[in-house]
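An overview of the molecular structure
Next come the chains, spelled out residue by residue.
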There are 4 protein chains.
Amino acid sequence: MIVVMKPTATEEELQRVLERVDALGLEAHLSSGESHTIIGLIGDTGRISRNAFEVMPGVERVVRIAEPFKLANREFHPKDTIIQVGDVTIGGDQIVIMAGPCSVESRSQLLEIAHAVKEAGAHILRGGAFKPRSSPYSFQGLGEEGLKYLAEAREIYGMPIITEVMAPEEVDLVASYADILQIGARNMQNYRLLQAVGKQDKPVFLKRGLSGTLQELLMSAEYVMANGNPNVMVVERGIRTYETYTRNTFDINAIPALKQLTHLPVIGDPSHGTGKWRLVAPVAKAAIAAGADGLMIEVHPRPAEAFSDGAQSLKPKRFQALMDDLRILTAALGRSL
Amino acid sequence: MIVVMKPTATEEELQRVLERVDALGLEAHLSSGESHTIIGLIGDTGRISRNAFEVMPGVERVVRIAEPFKLANREFHPKDTIIQVGDVTIGGDQIVIMAGPCSVESRSQLLEIAHAVKEAGAHILRGGAFKPRSSPYSFQGLGEEGLKYLAEAREIYGMPIITEVMAPEEVDLVASYADILQIGARNMQNYRLLQAVGKQDKPVFLKRGLSGTLQELLMSAEYVMANGNPNVMVVERGIRTYETYTRNTFDINAIPALKQLTHLPVIGDPSHGTGKWRLVAPVAKAAIAAGADGLMIEVHPRPAEAFSDGAQSLKPKRFQALMDDLRILTAALGRSL
Amino acid sequence: MIVVMKPTATEEELQRVLERVDALGLEAHLSSGESHTIIGLIGDTGRISRNAFEVMPGVERVVRIAEPFKLANREFHPKDTIIQVGDVTIGGDQIVIMAGPCSVESRSQLLEIAHAVKEAGAHILRGGAFKPRSSPYSFQGLGEEGLKYLAEAREIYGMPIITEVMAPEEVDLVASYADILQIGARNMQNYRLLQAVGKQDKPVFLKRGLSGTLQELLMSAEYVMANGNPNVMVVERGIRTYETYTRNTFDINAIPALKQLTHLPVIGDPSHGTGKWRLVAPVAKAAIAAGADGLMIEVHPRPAEAFSDGAQSLKPKRFQALMDDLRILTAALGRSL
Amino acid sequence: MIVVMKPTATEEELQRVLERVDALGLEAHLSSGESHTIIGLIGDTGRISRNAFEVMPGVERVVRIAEPFKLANREFHPKDTIIQVGDVTIGGDQIVIMAGPCSVESRSQLLEIAHAVKEAGAHILRGGAFKPRSSPYSFQGLGEEGLKYLAEAREIYGMPIITEVMAPEEVDLVASYADILQIGARNMQNYRLLQAVGKQDKPVFLKRGLSGTLQELLMSAEYVMANGNPNVMVVERGIRTYETYTRNTFDINAIPALKQLTHLPVIGDPSHGTGKWRLVAPVAKAAIAAGADGLMIEVHPRPAEAFSDGAQSLKPKRFQALMDDLRILTAALGRSL
């Protein structure tokens, strides 16, 4: 941590800062520049808030040097985390595709889509049973009934299943069915929920919030890990910007940046990242070209009748075509599908 | 709802849209312009998703006309909602000031601050007992112990208390102590939590999310109201933008916009809205001048030692000076403090 | 400037950084923390780019300490800049109101509006003769004809005039008519234009760009000042954010922040800052309550017929009512109108 | 254009809207829904501002249906625009790579880099002679001297050259040397400059502004085209968002969205789009996978000594490696390099 004094700071103000450094059990290194004096703090500054110095008279600003995430930090854990879910390996050479409907709408709808995505080569089946909806009047998901259909589809098609969990008290129920627990974008900083999924042992699929920074996303991963669960995937799913042509702005930079910052698997969600099915395939390919370890893609045979997210769902035939393209692309990139 | 056809749409594509309109029990009004045909849908379109038409061949876009919030909508409920909390009336002529520390740190800290803000004229005491923190390694609040100190301060100083609740399963506990339940910005779209506070009867202080739109904020208020609790305050606390000089960008437009869109009381939080104590007083005045019904302000006697948010906390003397200024300002605006 | 080494930096990498510091004629102060070594650079670092160190092996990041603006910086020039335009004093105790139509549409339109705003108590007449329009097919302004009408209105009503200049080669022409030159938001970083208005002596009204940071705005003011013209006003006119309910988000924090960062007069433009006439009056009051030195407000007697910006224009009667309110408000704030 | 009346609109207010429709020479189609009446306007609404109706009593909002750009619109011009620059074809099957230093710093620096990028397979040489810099104290470019070095490099290496032009009065000079004129992001809405490059015949490389929407970018292209120059490339170079880890957020969605909206060639600039050299190669590949027609990439042999943008410049060896990867990637995508 570095404390920068104002050009106008008095000797007395500087002295008081040095006393506080001492009181906190840290050591101070002073450098006096042309206009500013800066103080480097030596010791365990992780437990000190910037605020301890920022509000002192004569202080201009405080710069934190060390990244605040540790368990998720590649600097301290250079080796890639590999997550094994049944037969599927996430975070290795193989690109993992999770596909399925936004919402589980009925048994037949789910089985139809599960069949289609399995045929096309998807590895994991997705489907929402508990749905976070911005309107209280919208379809809220089938609940446990939806979980049962997902479990049935897993049996029939031999694919692990991933589904969202929305509240701490629902974690046990959802984890009793699902192979991977999804934390939705609006819950990226729902800390009670992060703690709850950290205390059980199903892998966690953690979506970046609509205005979450990369550092905040990794701090939320840290919450899960600090509670005991090391198996976290971090997911770029588009951020909220001023651009309204697309539903969100898929932050492609986040893919290689996260790969460099953390050892956790990095997944892209081009369905939410664009909100428009015509953009899903090109952005899916882009995410893979940028280094993503997998994709989550929404598929629906009759998008116009989907209970949610139809505008961004691919029809099975288009999903199949995307999988064919991805097979060639991943080979060119030295990975497999 | 309006469906806009592409200039290149075929007669057959148009026909298929009209058939769906019919199948959904709606009526269609056609207008054919120079390049686009548009179809106005007549009937109860609230239950239809845009998506039902957006993905059909030949459709360019779908425009929703009616605002999706009803209970919170001033158009249908022109009269201001007044919330009574003990002796304090929120949403009327009087400006209501809620003040106190970010975190309840100890019994003596809380009582000292409660005393100071009461002296200065604040109406309601704030203080966090359950703290949402971006790092799992930061101070997480005193929990129920903090609630007890708040209740004690209420007894001593005769001020209602407001504190945050973070999870559905903690609502009963927090509501058994607090007079107002605060939903934090990161939980604006934590729907389980909104449902839970909607099902009890303490008033709800609902903060706008970091990237929440005004419409989403009102939809979240609608969640609480649709679950049975009509007493909701909506709170502007700064949004996340590209500007990094301040912690957040206080959206002053939101104050009069919300007053026009909804009948619920509108509160401003200049502490989080700026993140810098030097900006708190000017922005507090601005919020009142723009029409806010109240303010929430963080106060701490020793900001440098605050467990959280010290950089944006006012010292009691500065808070007192702000209250003096507000007294003159509210009088000039025809309101009282 | 501070160079932060990576935890994994080798002694050799550190040595190479120190050699470069030496080669650049600077002195280095070393502090070695738990995980990072930091190097404080002493000397004239203003001329050095961060980049000189950022790309060196072993370097984690480079932090610039000193603000890059000097002439505009209140730290070095604590006294408020006062700009005198005819009888009007900008930047003193008096709040200055600039009002008029978005575009000068005709002689009679301008004179009608000039009469109305003068009656209401405005100090300076605004009106666009050269109009930056996002479509090449929209009305582009009356050009020099518009400037002549503005000059005529100045004669008749005794008010200084402000109008926009769009290109370096038009500066002489516009300056030969106008009392204040306006630089539009889209030209905040049009450096040739900033240089050109810096080389003449009419005061400059510099609007913040749609995504301009406070620091960039002040750097653009610095461009004008470094070219010889010290009379610059900086203007908050709303920034572009994700919120679409309003045309822009008026950054109220910017008003006190700019007042603290610079000695230049700070003006608010609630017309562009909101884009909706129903929000103009409350946000105008907010800007004054937050400490602005003046306002620019668009007025049009028949907004529906305005060639541009009708939706955000006040009718003369509403402008008059706002001026009445502002008279009471400014008195309560210890200023005058 | 569609006018939506408020639920509370009176018959008289509706009548006045219909009269205005008539006065403007348009025809009105009425649809009365449950709560809102909507009016479809038939006729040439392109010349009418939304504002003509938006401010009328009883009107809730006005929705524009037709895209305001025509010459740049793929709907009216389905065939891809192909731009021929010397031997290089832009907008066809071949991916075009433009590479070189951010700034032309000296004759030897430019020739060294030109040699390197030519060897690696780049098609066009970039280099800035007139540099827009946010500080008036930074290096502003070599000016005409830089143009001469670029022209010399073109002779030696047989590559067309692209360089930025900053002001209308410099267009003739720059166009007398350059093969392609670059409009920088900060000048995307410098309309005088757009008009000036529209009136000459060198192709134009138009960068998206930091907060430019896709529609605004295409309207700016329309400015150039409406002034007579059909040869415009539109360039995604990263937008400004709340994320600070990267210099900008490369909007990957923009690549396929622009390809669908316009027939103009679409180029990606991963150097500015990321601001970090470690992210340039992955994002370059992503842009190509998403369908870009070309890339602009900054290259410098000694980034730490670069006068500008060193942090985002690739060393020649890394650029060479990227070109090798792109060769495999473009083949897998059915294109060539």
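Residues numbered from 1 in each chain as written. Chains lettered and ligands numbered in written order. Predicted model: local features only at pLDDT ≥ 70, side-chain atom pairs only at ≥ 80, totals over all residues.

1. Topic: the relation of the copies chain D and chain C
Using the following cut-off: Copies are brought into register by a least-squares superposition over C-alpha atoms of residues with pLDDT of at least 70 in both. Placing a C-beta atom from the backbone of each residue, one calls two residues in contact when those atoms lie within 7 Å.
The two copies are related by a screw operation: chain D maps onto chain C through 180° of rotation and 0.0 Å of translation along the axis, at an RMSD of 0.1 Å. The two molecules are tied by a two-fold rotation axis, judged by turn and shift. Scanning chain D for the C-alpha nearest the rotation axis identifies D:Ser211, at a separation of 2.9 Å. A shared interface surface links the copies, since 100% of the contact residues of chain D are contact residues in chain C too.

2. Quick notes on the relation of the copies chain D and chain A
When chain D is brought onto chain A, the operation consists of a screw motion whose angular component is 180° and whose axial shift is 0.0 Å, with 0.1 Å RMSD remaining. Looking at chain D, 100% of its interface residues are interface residues in chain A too, so the copies touch through the same face.

3. Some thoughts on the interface of chain D and chain C
Keep this limit in mind: The helix and strand labels rest on DSSP assignments: H or I over at least four residues marks a helix, E over at least two residues marks a strand, and numbering proceeds from the N terminus. Residues were grouped as follows: Ala, Val, Leu, Ile, Met, Phe, Trp, Tyr, Cys and Pro as nonpolar; Asp, Glu, Lys and Arg as charged; and all remaining residues, including Gly, as polar.
On the chain C side, the residues contacting the 35 residues of chain D number 35 residues. At the level of secondary structure, the elements contributing two or more residues to the side of chain D that touches chain C comprise helix H2 (51-54), helix H6 (191-198) and helix H7 (214-226) of chain D. Per-element tally for the side of chain D that touches chain C: the top contributor is H7(D), with five residues. The class makeup of the residues in the side of chain D that touches chain C is 19 nonpolar, nine polar and seven charged.

4. Remarks on the interface of chain D and chain A
On the chain A side, the residues contacting the 32 residues of chain D number 32 residues. The set of elements that each furnish at least two residues to the side of chain D that touches chain A consists of H7, helix H8 (254-261), helix H10 (277-289) and helix H11 (316-332) of chain D. Taken together, the residues of the side of chain D that touches chain A sort by class into 18 nonpolar, ten polar and four charged.

5. Quick look at the environment of D:Ala151
Inspection of the secondary structure assignment puts D:Ala151 in helix H4 (residues 144-157). Through-space distance from the C-alpha of D:Ala151 to that of D:Tyr177 is 6.3 Å; in sequence the pair is 26 residues apart.

6. A few points about helix H10 (residues 277-289) of chain C
All names here are of chain C. Here is the rule we go by: Given a helix with a known number of residues, its expected span is that number minus one, times 1.5 Å. Around each residue's C-beta, the other C-beta atoms within 10 Å are counted; 20 or more make the residue buried, 12 or fewer make it exposed, and counts in between make it partly exposed. All C-beta atoms are placed from the backbone.
Helix length check: H10 (13 residues) gives 19 Å between terminal C-alpha atoms against 18 Å at 1.5 Å per residue, within 8%. In terms of residue burial, H10 counts as a mostly covered element, since twelve of its 13 residues are buried. All of the buried residues in H10 are Trp-277, Leu-279, Val-280, Ala-281, Pro-282, Val-283, Ala-284, Lys-285, Ala-286, Ala-287, Ile-288 and Ala-289.

7. Thoughts on the domain arrangement of chain A
Interface size is often expressed as the accessible area that is lost when the parts come together. The test is simple: Where each domain begins and ends is defined by an automated method or by a domain database.
Taken domain by domain, chain A comprises domain 1 (2-63) and domain 2 (83-332). One C-alpha centre belongs to domain 1 of chain A, the other to domain 2 of chain A, and the line joining them spans 45 Å.

8. Quick notes on the packing of helix H3 (residues 107-120) of chain D against H11(D)
Residues and elements named next belong to chain D. Stated formally: What counts as an axis is a line fitted to C-alpha atoms, over the stretch in contact for a helix, and the angles between N-to-C directions run from 0 to 180 degrees. Geometric relationships in this document are graded by angle, where less than 35 degrees denotes roughly parallel, more than 145 denotes roughly antiparallel, 65 to 115 denotes roughly perpendicular, and other angles denote oblique. Take the far helix as your reference; a near helix turned counterclockwise from it by less than a right angle gives a left-handed crossing, and one turned clockwise gives a right-handed crossing.
At a minimum axis distance of 9 Å, the contact between H3 and H11 shows a crossing angle of 20°. The angle between H3 and H11 places the two elements in the roughly parallel class. Every pair of crossing elements has a handedness; the one defined by H3 and H11 is right-handed. Seen from H3, the contacting residues are Ala-116, Val-117 and Ala-120; seen from H11, they are Pro-316, Phe-319, Gln-320 and Met-323.

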